[in-house]
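Residue-level listing of the chains:
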Amino acid sequence: MTIPTIISLTPNRVWRTYLGGKMLDIREGKAEPQDSHFPEDWIASTTRAVNQGREEHTEEGLSRVEVDGEPHLLTELLSAHPHKLVGPAHYAQYGAKTQFLLKFLDSSIRLHIQAHPTVAFSQQHLNSNHGKTEAYVILAVRPEVEPYIFLGFQHPRPREEFKRAVAGQDIATLESCFDKITVQPGDVFIVPGGMPHAIGPGVLMIEIMEPTDFVARLEFERGGYVLPEAARFMDRGIDFGMDMIEFKETSVEEIKAHYFCSPRMLNQQRGGEEYVLIDTEQTACFRVHRLRVSGSCEKRADSFYVGIVTGGSGTLRAGDQELAVQTGDRFMIPFATETVTYQADEPLEVVLAFPPRTGVTSS
């Protein structure tokens, strides 16, 4: 088997409990785009989706790629060729997996108020070295909405009062714990484990996170779908969910200062610029860059990475391989690929997702 120098990735829509996906349908060129229970597209995923009632879909969430004209699960390809795809150091520390979960997410409704575990919580209670720190890159918003997120408690309630509100599904009380934080295309922010949050309606984003589906959902019904009891707190009860949450007050100003990420110039060439969006200053779990290409530029990396074209069009070249790309396309660059040349036909913008650095432990 010949491992391509550039691996093209196709849509991988995943069922979720909330509604959305119309903007993804439009980008995929579907004849009748609509919102449905497939609002997410998991990109270069080695993580299986966990959906109560869909246990028969044993490969849901796992990405497939085509090599030598044949489709393969990415997990199978990684297991067979780990050194070429993820590199010896990554494989030695993390195994034959990408070590992050990357998605398009398109919400037509406000998502469930929820929280995810920290690494320490997962180690103690879930027999896992992964929590679920995650980050978002806002791409677009629907014209009919005023886009916002809930992030951290601005008006926290005492634990027992909050627990009663969750148990009784007193949504007004749950929502009153948050101020709406306005977001716009281009915003980048990080959500550490333990921080309660929700994404507002009408937001298309890239989401990157630790490679788990761990979640405590504090609302049981959204978009007409009622979560099975086992899916609310990972089948461990409401107190388990409460233990996952950090009950502290964080002002909107503090959120913007500490959890919204400003780009930092990393490299400038005549035909392009590369910016760091998320690095070890924010988390040890993954890294995110933005590449802006006006002409032609070269990209070398110390690891494999996944690229998502967020604007424009152009061509990627590596070795004897060439791939034309446009907005919405996504691809994987294996570790063995030394250099990729990016050529813009029209100003090209690409978000690059990298695994955690080797030799660094998540916390």
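Residues numbered from 1 in each chain as written. Predicted model: local features only at pLDDT ≥ 70, side-chain atom pairs only at ≥ 80, totals over all residues. Heavy atoms only, no water.

(A) Region of interest: the pattern of salt bridges. Inspection of the entire model under this criterion finds 25 salt bridges. Here Asp41 makes a salt bridge to Arg330, at a shortest N to O gap of 2.9 Å. Linking Asp41 in strand β3 (residues 40–43) with Arg330 in strand β23 (residues 330–333), this pair joins segments that are 289 residues apart in sequence. The class for Arg330 is buried, based on a relative accessible area of 7%. Arg64 serves as the salt-bridge partner of Glu59, at 2.6 Å between the closest nitrogen and oxygen. Overall, the relative accessible area of 37% leaves Glu59 in the partly exposed class. (Salt bridge = Lys/Arg side-chain N within 4 Å of Asp/Glu carboxyl O. Helix = DSSP H or I, 4+ residues; strand = E, 2+ residues; numbered from the N terminus. Buried < 20%, exposed > 50% of the residue type's maximum accessible area, 1.4 Å probe, protein only.)

(B) Layout of the nonpolar core. Counting residues in each nonpolar core, the largest one holds 58 residues, and the members touching the most others are Leu102, Leu151, Phe189 and Ile278. For this core, the leading source of residues is strand β8 (residues 134–141), giving six residues. Non-local contacts of Leu151, meaning those with residues more than four positions away in its chain, are made with Phe178, Ile181, Phe189, Ile190, Val191, Met195, Pro196, His197, Ile255 and Tyr259. (Core = buried A, V, L, I, M, F, W, Y, C linked by side-chain atoms within 4.5 Å. Contact = heavy atoms within 4.5 Å.)

(C) Main features of the state of the cysteines. According to the stated counting rule, one finds zero disulfides in the structure shown. The thiol of Cys261 is unpaired, and the distance to the nearest cysteine sulfur, on Cys285, comes to 13 Å. On the accessibility criterion, Cys261 (11% relative accessible area) is buried. According to the relative accessible area criterion, Cys285 is buried, its value standing at 4%. (Disulfide = S-S within 2.5 Å.)

(D) Looking closely at unusual backbone geometry. One non-glycine residue with positive phi stands out, namely Asp68, at about 55°. Among the structural elements, Asp68 can be located in the loop between β4 (64–67) and β5 (70–73). Look at Asp235: it is not a glycine, yet its phi comes out positive at around 60°. One can find Asp235 in the loop between β16 (225–226) and α8 (238–244).

(E) Focus on the packing of aromatic side chains. Applying the stated rule across the entire model yields 14 aromatic pairs. Where Trp15 meets Tyr225, the ring centres are 5.4 Å apart and the plane angle is 75°; that geometry is what we call edge-to-face. Of the two residues, Trp15 is situated in the loop between β2 (13–14) and α1 (22–27) and Tyr225 in strand β16; the sequence distance between them amounts to 210 residues. Accessibility classification places Trp15 together with Tyr225 in one group, the buried group. We note Lys180 situated over the ring of Tyr148; from NZ or CZ to the ring centre the distance is 4.5 Å. A cation over an aromatic ring shows up here: Arg236 above the ring of Phe240, its NZ or CZ 5.4 Å from the ring centre. (Phe/Tyr/Trp six-rings, centres within 6.5 Å; stacked < 30°, edge-to-face > 60°. Lys NZ or Arg CZ within 6 Å of the ring centre and 35° of its normal.)

(F) Representation of the side chain of Thr47 in the model. Secondary-structure assignment places Thr47 in the loop between β3 and β4. Classification of Thr47 by relative accessible area gives buried; the value is 7%. Beyond its immediate chain neighbours, meaning those up to four positions away, Thr47 contacts Trp42, Glu60, Gly61, Leu62, Leu101 and Pro211.

(G) Structural detail: the pairing of strand β18 (residues 272–278). Here β18 lies mainly inside the structure; six of its seven residues are buried. As defined by bridge partners, strand β17 (residues 264–269) adjoins β18 across five bridges and the pair is classed as antiparallel. Counterpart to Asn267 in the pairing with β18 is Glu274. The antiparallel pairing of β17 with β18 creates a hairpin that spans two residues between the two strands. In the sheet, β18 pairs with strand β19 (residues 287–293) via six bridges, with the strands oriented antiparallel. In the sheet register, Tyr275 faces β19, and the bridge partner there is Arg290. (Pairing = 2+ DSSP bridges.)

Everything listed is a geometric property; what it means functionally is a separate question.
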